[in-house]
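# Report on the structure
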There are 2 protein chains.
Amino acid sequence: MQKIAVLGIGQTIVAEQWEKSLKEIAGEAVLAALNDAGRDSTDAIFVGNMMSGQLNRQENLGALIADWVGLRGTEAFKVEAACGSGAAAVRAALMAVASGMIECAVAVGVEKMSETLGVDTTAALATAADADWESAQGVSFVAINAMVMRRYMHEYGWKHTDFGPFSINAHANAMHNPHARLHEPITQADYSRARMVADPINLLDASPTGDGAAAVVLVPADRLKASAQPLVTIEGSASATDTLAVHDREDPLWLTAAAESAQKAYAQAGLGPGDVDVFELHDAFSIMAALSLEGCGFAERGQGPRLGLEGEILPTGKIPVATFGGLKARGHPVGATGVYQILEVVQQLRGEAGQCQVPGAKVGMAQNIGGSGANIVTHLLRTN
Amino acid sequence: MQKIAVLGIGQTIVAEQWEKSLKEIAGEAVLAALNDAGRDSTDAIFVGNMMSGQLNRQENLGALIADWVGLRGTEAFKVEAACGSGAAAVRAALMAVASGMIECAVAVGVEKMSETLGVDTTAALATAADADWESAQGVSFVAINAMVMRRYMHEYGWKHTDFGPFSINAHANAMHNPHARLHEPITQADYSRARMVADPINLLDASPTGDGAAAVVLVPADRLKASAQPLVTIEGSASATDTLAVHDREDPLWLTAAAESAQKAYAQAGLGPGDVDVFELHDAFSIMAALSLEGCGFAERGQGPRLGLEGEILPTGKIPVATFGGLKARGHPVGATGVYQILEVVQQLRGEAGQCQVPGAKVGMAQNIGGSGANIVTHLLRTN
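Residues numbered from 1 in each chain as written. Chains lettered and ligands numbered in written order. Predicted model: local features only at pLDDT ≥ 70, side-chain atom pairs only at ≥ 80, totals over all residues. Heavy atoms only, no water.

### Description of the relation of the copies chain B and chain A
Superposition of the two copies of the chain requires a rotation about an axis and a shift along the axis. Which entries qualify depends on this criterion: The copies are overlaid by a least-squares fit using only the C-alpha atoms of residues whose pLDDT is at least 70 in both copies. Residue contacts are defined here by distance: any two heavy atoms, one from each residue, within 4.5 Å place the two residues in contact.
Expressed as a screw transformation, the operator carrying chain B onto chain A has a rotation angle of 180° and an axial translation of 0.0 Å, and the superposed copies differ by an RMSD of 0.0 Å. Here the copies are linked by what is in effect a two-fold axis. Within chain B, serine 99 of chain B has its C-alpha nearest the rotation axis, a separation of 1.8 Å. Mapped onto chain A, 100% of the interface residues of chain B again fall at the interface, so both copies present the same surface.

### Some points on unusual backbone geometry
Worth spelling out the cut-off: Strands are runs of DSSP state E lasting at least two residues, helices are runs of H or I lasting at least four, and both sets are numbered from the N terminus onward.
Geometrically, the link from aspartate 199 of chain A to proline 200 of chain A is a cis peptide bond, its omega value of 10° lying close to zero. Its location among the elements puts proline 200 of chain A in the loop between β5 (196–198) and β6 (201–202). The phi torsion at arginine 57 of chain B lies on the positive side, around 55°, for a residue other than glycine. Assignment of secondary structure puts arginine 57 of chain B in the loop between α2 (52–55) and α3 (61–68).

### Observations concerning the pairing of strand β3 (residues 75–80) of chain B
Note the following rule: Categorising residues by exposure relies on relative accessible area from a 1.4 Å probe, with only protein chains included: less than 20% of the type maximum marks a residue as buried, more than 50% marks it as exposed, and the intermediate range marks it as partly exposed. Two strands are counted as paired when DSSP detects at least two bridges linking them.
Burial within β3 of chain B is extensive, with 6 of its 6 residues counted as buried. Sheet topology note: the strand β3 (residues 75–80) of chain A/β3 of chain B ladder contains 3 bridges and is antiparallel. By the bridge assignment for β3 of chain B, glutamate 80 of chain A is matched with lysine 78 of chain B. Bridging between strand β2 (residues 44–48) of chain B and β3 of chain B involves 5 bridges; their strand directions are parallel. By the bridge assignment for β3 of chain B, alanine 44 of chain B is matched with glutamate 75 of chain B.

### A look at the interface of chain B and chain A
Counted only if it meets this: Each of two parts loses accessible area, computed with a 1.4 Å probe, when they are put together; buried area is these two losses added. By salt bridge we mean one thing: a side-chain nitrogen of Lys or Arg within 4 Å of a carboxyl oxygen of Asp or Glu. Polar contact is the term for a pair of N or O atoms within 3.5 Å; when the atoms are in protein, one must be able to donate a hydrogen and the other to accept it, and sequence-neighboring residues count only if both atoms are side-chain atoms. Ten residues, namely Ala, Val, Leu, Ile, Met, Phe, Trp, Tyr, Cys and Pro, are considered nonpolar, four, namely Asp, Glu, Lys and Arg, are considered charged, and the remaining ones, Gly among them, are considered polar.
With 60 residues of chain B in contact, the opposing surface of chain A contributes 60 residues. When the two sides are added together, the surface that chain B and chain A hide from each other amounts to roughly 4,600 Å², 53% of it contributed by carbon and sulfur. Per-residue buried area on chain B facing chain A is highest for Arg57, Asn60 and Met101 of chain B; these three make up 15% of the total on that side. Joining chain B to chain A, the criterion identifies 2 salt bridges. The salt bridge involving glutamate 75 of chain A is made with arginine 91 of chain B; its shortest N-O contact spans 2.4 Å. Joining chain B to chain A, the criterion identifies 30 residue pairs in polar contact (both at pLDDT 80 or more). Residue classes in the side of chain B that touches chain A are distributed as 30 nonpolar, 16 polar and 14 charged.

### Regarding the confidence of the model for chain A
To be explicit about the condition: pLDDT: the predictor's confidence for each residue, scored from 0 to 100.
The predicted model of chain A averages 96 in pLDDT, with 99% of residues at 70 or higher. The ipTM, which scores confidence in the relative placement of chains, is 0.97 for this predicted complex, and the corresponding pTM is 0.98.

### Some details on the pairing of strand β2 (residues 44–48) of chain A
Successive residues of a regular strand alternate their side chains across the two faces of the sheet. Residue and element names in this part refer to chain A. Among the 5 residues in β2, 5 count as buried, and that is most of the element. On β2, burial covers both faces: Ala44, Phe46 and Gly48 on one face and Ile45 and Val47 on the other are all buried. In this sheet, strand β4 (residues 105–111) lies alongside β2 in parallel orientation, the contact comprising 5 bridges. Within the sheet, the bridge partner assigned to glycine 48 lies in β4 and is glycine 109.

### Considering the side chain of asparagine 368 of chain A
Residue and element names in this part refer to chain A. Considering the arrangement of structural elements, one finds asparagine 368 in strand β10 (residues 363–370). Look at asparagine 368 and you get buried, because its relative accessible area is 0%. Here the side chain of asparagine 368 touches alanine 87 through a polar contact of 3.0 Å, landing on its backbone nitrogen.

### Re helix α7 (residues 164–174) of chain A
Residues and elements named next belong to chain A. Among the 11 residues that make up α7, 9 are buried, leaving the element largely enclosed by the rest of the structure. Looking at α7, one finds that the buried residues are Gly164, Pro165, Phe166, Ser167, Asn169, Ala170, His171, Asn173 and Ala174. For α7, the elements touching its buried residues are α8 (188–193), α10 (286–295), α11 (304–309) and α12 (326–329).

### Here's the deal with the layout of surface pockets
All names here are of chain A. This is how the line gets drawn: With a 1 Å grid laid over protein atoms only, a set of points is called a cavity when a 1.4 Å probe fits there but cannot get out and a pocket when it is open yet has protein on both sides within 12 Å along at least five of seven lines; lining residues have an atom within 4 Å of a point. Grid points are joined across faces, edges and corners, and a volume is the space filled by probe spheres set on the points.
Of the pockets and cavities examined, the largest pocket occupies roughly 600 Å³. Taken together, 28 residues form the lining of the largest pocket, with Ala206, Ser207, Pro208, Thr209 and Phe285 sitting closest to its centre. Listed by contribution, the elements that provide at least two residues to the lining of the largest pocket are α5 (121–125) and α6 (141–156). With 3 residues, α5 is the largest single contributor of residues to the lining of the largest pocket. Here the lining of the largest pocket is composed, by residue class, of 17 nonpolar, 7 polar and 4 charged. Computed from the structure, the second largest pocket encloses a volume of approximately 440 Å³.

### Topic: helix α13 (residues 334–350) of chain A
Here is the rule we go by: An expected span of 1.5 Å times one less than the residue number is assigned to each helix.
If you check α13 of chain A, its first and last C-alpha atoms are 25 Å apart, about what 17 residues at 1.5 Å a residue would give, namely 24 Å. Where α13 of chain A terminates, the next one or two residues include glycine 351 of chain A, which has phi positive at roughly 75°.

### Section: the packing of aromatic side chains
Working definition: an aromatic ring pair is given by the centre-to-centre distance plus the angle between the planes. Put simply, the rule is: Each Phe, Tyr or Trp ring (for Trp, its six-membered ring) is paired with any other whose centre lies within 6.5 Å, and the angle between the two planes then decides the class: stacked below 30 degrees, edge-to-face above 60, tilted in between. By the criterion adopted, a ring carries a charge over it if an Arg CZ or a Lys NZ lies within 6 Å of its centre and within 35 degrees of its normal.
The tally for this structure, following the rule as stated, stands at 10 aromatic pairs over all chains. The interplanar angle of 65° and the centroid separation of 6.4 Å between the aromatic rings of phenylalanine 46 of chain B and phenylalanine 77 of chain B together place this pair among those described as edge-to-face. Of this pair, phenylalanine 46 of chain B sits in strand β2 while phenylalanine 77 of chain B sits in strand β3, placing them 31 residues apart in sequence. By the burial criterion, phenylalanine 46 of chain B is buried, and phenylalanine 77 of chain B matches it. Each residue in the set Tyr152, Tyr156 and Phe163 of chain A is aromatic and connected to the rest through ring pairs, giving one cluster. The ring of tryptophan 254 of chain B has arginine 301 of chain B sitting right over it, with the charged end atom 4.1 Å from the ring centre.

### A word on the environment of leucine 231 of chain A
Residues and elements named next belong to chain A. Here leucine 231 shows up in the loop between β7 (212–220) and β8 (232–241). For leucine 231, a relative accessible area of 22% gives the class partly exposed. If near-sequence neighbours (up to four positions away) are discounted, leucine 231 is found in contact with Ala5, Leu224, Arg382, Thr383 and Asn384.

Right, dumping it as C-alpha cells:
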C-alpha cells in the first residue's frame, strides 16, 4: 500500500451551536481543511455521522454537504459505526485514496446533538447498543458502561476515586484548546462529589455531547515532496469488531477489538506502544480510558488507572492522552469525535498544538470506539 | 487500479419478513454469498443501509452483522447514501479491495421496512430529501417525484399512459424471479386505472417497500485464474452527487449525477451505451426509469418513454431493464436495492438468470440512485 498523508485539517468548536445547521457546521470544517491543504476541491467526501436521521431528520448527508461547500457533483457518502463513525470515515477515505481510484479525499465527522427533531439524544445514542438484548430491555448507553465500570472496580479492586486523574487531565488540557466544549478545571474533590448519572458513573466520568465537526484531507504522500509543512503520514490503520452486546463477551472487561486493531496498526507501522508519543483515546467514560490503555498495550490488564494515578497520562508523562481535552472535555459530538482525534494528533505531530503541545511528539495514535467496544478503529500517524 | 471480481452473490426474498430480524435477513444474504464464493470468511463487511436507526432503533450494523454471521472481530461499517446506500457499500468494498489493504470484502445491502419502531416509513424515507427545504415543508418523497413527473409530462408532451411499459415490463420479468416482492402481471389497463398516490404517480408507478438483503463478495480478479465459474469483473465504478433539493437544479428533469457517473464508468471500462446488454436501473418511480435511461445515454433528453413504447426495454429489446423485476416488482428494500441490482447483473453475466436471462449478456450496468437524483452510483460489469 502506498503511503497516505494528512495534507489539511479543519475543525469547528464543540458547543451547542443553535444558530448553525448540521450542514453549516460540517461545511465549516471541510472548508477549513481544504484551505489548510491549499486545495479548492476534492475527489470525494466521506461523512462520519451516527444520528442525523434520528436527531436531525436528515440522511443523504454526502450530497447535502458536497453541495453546501460548493463542490456539487463530488462523490460523497456517509459512513457509520456508531461513536466510531468518525474514524471509520477516515479509514474509508484512506482506502479510497490508497486504491488509486481517487487522488484526494476529505473525511469529515459531524454531529448535531443539541437539536432533536425526532427521538431524544439518549434514545438515539442507545441505537449504538444491541437493540434486542440491551436497549429494548431499558438500559441506556451510560448504564451499560456503568455496569462495566462497576464490574471492573469489583474485579481489580479499584475505588471510584482512582479514575479521577483521567477526567482531571482532560479538563486541564482542554483549558488550552479554544475548540473545546468545556473550559473548567476540576479537582479530585470536584470529581468525587459530582452528581451521579448511573452508579458508579458520575457527571465527571461522562463526556459531554455537543455540536461539532472536524475534517482531514488525505492525499498520496509521494505527491507532497515539495511541501513546506512537516509531512504527517498514516503509518497504520486497522479496525475490528466485537459483539454488540457486552454480556456476549468472554471477558466484558477486555476490549478485544481495541487490542486487535492496535496490534494490526502497530504491525503495519513497525511500531509498538513504547514508540507512541501521544494517544488520543476514546474516553467517552473514564472506564473506557482505562480499558483502551490496556487494550493497546500501555498498561497491564486491570491496571489502566495506575497510569492516571502515576501521572503518566499527563502531557509530561510516558503516554499523554486527551491532550486537547479528549471526549471528556473537548466534547463528544459523536460522529465527529474520531476525526477530532486524528486532527489533534496531526496538530501534535506538526508541532502546532500550542499550549497543548507534547514536546517532540513524532508518533501519535488515535483510537475511536463505536458502541461499548463493538467497533474500534485505530490509526497510527508519524511525522518525519 | 487492479481488476476486481465478484466472486460470490447471495440474496433473500423481498417481502414482509415479520418472522426475521434485520440481522437475520442480512446474515442470510452474507452467508449465501460467502457460500457461493466458496469462502468461510472475509476481511471486511460493508453494510448498505439507510433507515435502521429510524425504523429498527439499531445503528452499528457492521458489528452486529459480523458477529451474527459468525465472523466476530471482522472489520465492518455501514455506508449510507439514502436509496443509493447499497451501491455505495459496493463501491466502498471495491475501493477497500483495490487499495490492497484487504483481500476480500463483502458488501451487503439490507433494509427492514415492515417493522417501524420509531417514525413511520414515509417519514423515514423523507430523510433522503432536503430536511429544511423539502421534508420540513410537508412534501413526501413520492410527492417530490410526482412534481418531477408532472413537469416532465408538461415539458416533453408525454401522457401518463406512456410510462406504462416500464411497470408492465418490470412486473412481467418479476414473474420469473422467485425472490421478487410481487408476482402479479399487469396490463396497460391495470396501469391506467391504479389508484392515485400523488398525482400523477399512481400505485403502479411506485415501487413497493419490503424487507430484504443482498450481498456480493469482492476479490482481486488475478486470484481467480483457476476458477471454474465464468469470471465477472467490475470494469467501471463511479459516483456523483447533485443538489439534495430538486428545485435547486438548473434542470430538474436531467439527472446530472446519472450522466456524470455513467460517463466516468464508461470511460473506465472503455465502453459505451451501445455495449450494454442489460441495465438494472433505479425505477423507484416510473419517471426515474425514463430519466435514468436518458442520463446514461440510452435515449435522447425527454425521450426515455419511447424506449418503453417501442419495446426496447424488454428482455428481447435493445436495452433490457429491470430484468428481475426492478425496484417496481422485485421490490425496493431501500438500502439493499443497489446490491440486488449488481447481483442481478452478475446472474445475467453468469448465464444463471433462468427465465429472466437476457441471451448472450456479456456487459451489464447497474445504477442506484439516492434521493431524487442527489447521489448516484453507476457500475459496469463484464464477463469474459
